[in-house]
Amino acid sequence: MLKKTGYLAGVLSLGVILAACGGNDETGDNENGNGEAEHNWRFTVEETQGQVQYVYAQEFAELVEEKSDGAINIDVFEFGALGSEVDQVEQLQQGIVEFAIISPGFTGTLVPEGNIFALQFLFDDDQELNQQVLNESEAINTHLAQKYEEQSIMPLAFWTEGAMQWTGSSAIQSPADFAGFQMRTQESPLILRSYEAYGANPTAMSWSELYTGLQQGAVDGQENPLFFIEDAGFHEVQDHLTISNHNMYVTMTTVNTDFYNDLDEETQSIIDEAIEEMRDRSFEIQEEQNGEALELIENATDTPTDVYELSEDEREEFRELASEARDYFRENGGDDAEMILDMLMEEIEEAQGN
């Protein structure tokens, strides 16, 4: 597993990479032998090669290169190359990298309203409908996005990496099973609150430390989409997988606000077009990987994992307890938390009725 590195180490590593590539300290622009302007930009993700975010970023980079006739090159850095998840957020804010895929769960203290995606049983079970909501929601793409832009993070797209599932050293089939359970979470106060409502003991931990944490019993379980569980090998050190569909993993493609605003309209249009083309593609990538991952976990013989799917009655037990976190979010999720949540709930209901 990749080891967590500090922010300074990440910056130093990036400096070495840029020096080798000939980039400068500003936008990474230089000129080739023909005197034509070339743009060398950086794109950092929270996952490793082959995983959903990395595949997305690579395909996005290829689209931008194609649309710019080769004038724009984007280098993709996998998780760990430039530091931890929190480091990557800081690097984007400071313009050390131009693009990043950031999960709102790692920005909960920076933009409290972003914790809205930690609310469990808020969205529909239909992931395609959920992606439609993410694409069209005014609550998310206007009001929440503005909060991030104020922090030098401009969301270009919100998208799902699939439904979240639970793994554990013991079976998780009811809220009672969470009693005294050490649950690994992201750095998000609302995620912590959500699991406390179930009776668990939530513990924030970087995913780079999670495999060892599960293996050594520092934490009892975790939540992630299936592709991530299988690829990271969490099922190898967990006896139980619960198909809970209690939430979906929402992430966002972002760009440094000042960097984007300083680009000319033609270059902005290239980025915008690539983002739009990646909307359907991002859904396809996660759907393919999550489906394949479940088959691999179910068919694994060397490290067998018991797979259990919650019934609707069992999900209802969790749903009732999850509603407490919504009240907490309204009161503690930032100045516009109540407005954003109520608007989003209306948008979800409207999408479900169509």
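Residues numbered from 1 in each chain as written. Predicted model: local features only at pLDDT ≥ 70, side-chain atom pairs only at ≥ 80, totals over all residues. Heavy atoms only, no water.

**Student:** Can you explain unusual backbone geometry? Please cite residues and give values.
**Tutor:** Negative phi values dominate among residues other than glycine, just as trans dominates among peptide bonds. Even without a glycine there, the phi angle at Phe 121 is positive, about 60 degrees. Its identity is not glycine, yet Ser 152 carries a phi of approximately 65 degrees, on the positive side. Judged by relative accessible area, which is 22%, Ser 152 ranks as partly exposed. (Buried < 20%, exposed > 50% of the residue type's maximum accessible area, 1.4 Å probe, protein only.)

**Student:** Can you explain the side chain of Glu 314? Please cite residues and give values.
**Tutor:** Relative to the helices and strands, Glu 314 is located in helix 11 (residues 312-332). A distance of 2.7 Å separates the side chain of Glu 314 from the side chain of Tyr 308, its partner in a polar contact. Among the polar contacts listed, one links the side chain of Glu 314 to the backbone nitrogen of Ser 311, at a separation of 2.8 Å. Apart from residues lying up to four places away in sequence, Glu 314 is in contact with Gln 173, Tyr 308 and Glu 309. (Helix = DSSP H or I, 4+ residues; strand = E, 2+ residues; numbered from the N terminus. Polar contact = N/O pair within 3.5 Å; in protein donor to acceptor, adjacent residues only side chain to side chain. Contact = heavy atoms within 4.5 Å.)

**Student:** I'd love a proper account of the pairing of strand 9 (residues 221-224), names of residues and values included.
**Tutor:** With burial as the criterion, each face of strand 9 is covered, one bearing Gly 221 and Glu 223 and the other bearing Gln 222 and Asn 224. Here strand 6 (residues 165-168) pairs with strand 9 via four bridges, running antiparallel. Note that in strand 9 the partner of Thr 167 across the bridge is Gln 222. (Pairing = 2+ DSSP bridges.)

**Student:** Help me get a handle on helix 11, residues and values and all.
**Tutor:** Across its 21 residues, helix 11 extends 30 Å between first and last C-alpha, which sits within 8% of the 30 Å expected from 1.5 Å per residue. At Glu 320, helix 11 is deflected by roughly 25 degrees, the largest bend along its length. The set of residues buried in helix 11 consists of Glu 314, Arg 315, Phe 318, Ala 322, Ala 325, Arg 326 and Phe 329. Gly 334, located one to two residues past helix 11, shows a positive phi value of around 110 degrees. (Expected span 1.5 Å × (residues − 1). Bend = angle between axes of the 7 residues up to and from the residue.)

**Student:** An account of the confidence of the model for the protein chain is requested, with residue identities and associated values reported.
**Tutor:** In this model, the protein chain carries an average pLDDT of 89, and 90% of its residues clear a pLDDT of 70 or more. Note that residues 1-31 has pLDDT below 50 and, in this model, 61 contacts with residues that lie over four places away or in other chains. (pLDDT = per-residue confidence, 0-100.)

**Student:** Kindly report on the environment of Thr 267, identifying the contributing residues and their values.
**Tutor:** Its location among the elements puts Thr 267 in helix 10 (residues 265-299). Take Thr 267: its relative accessible area is 10%, and that puts it in the buried class.

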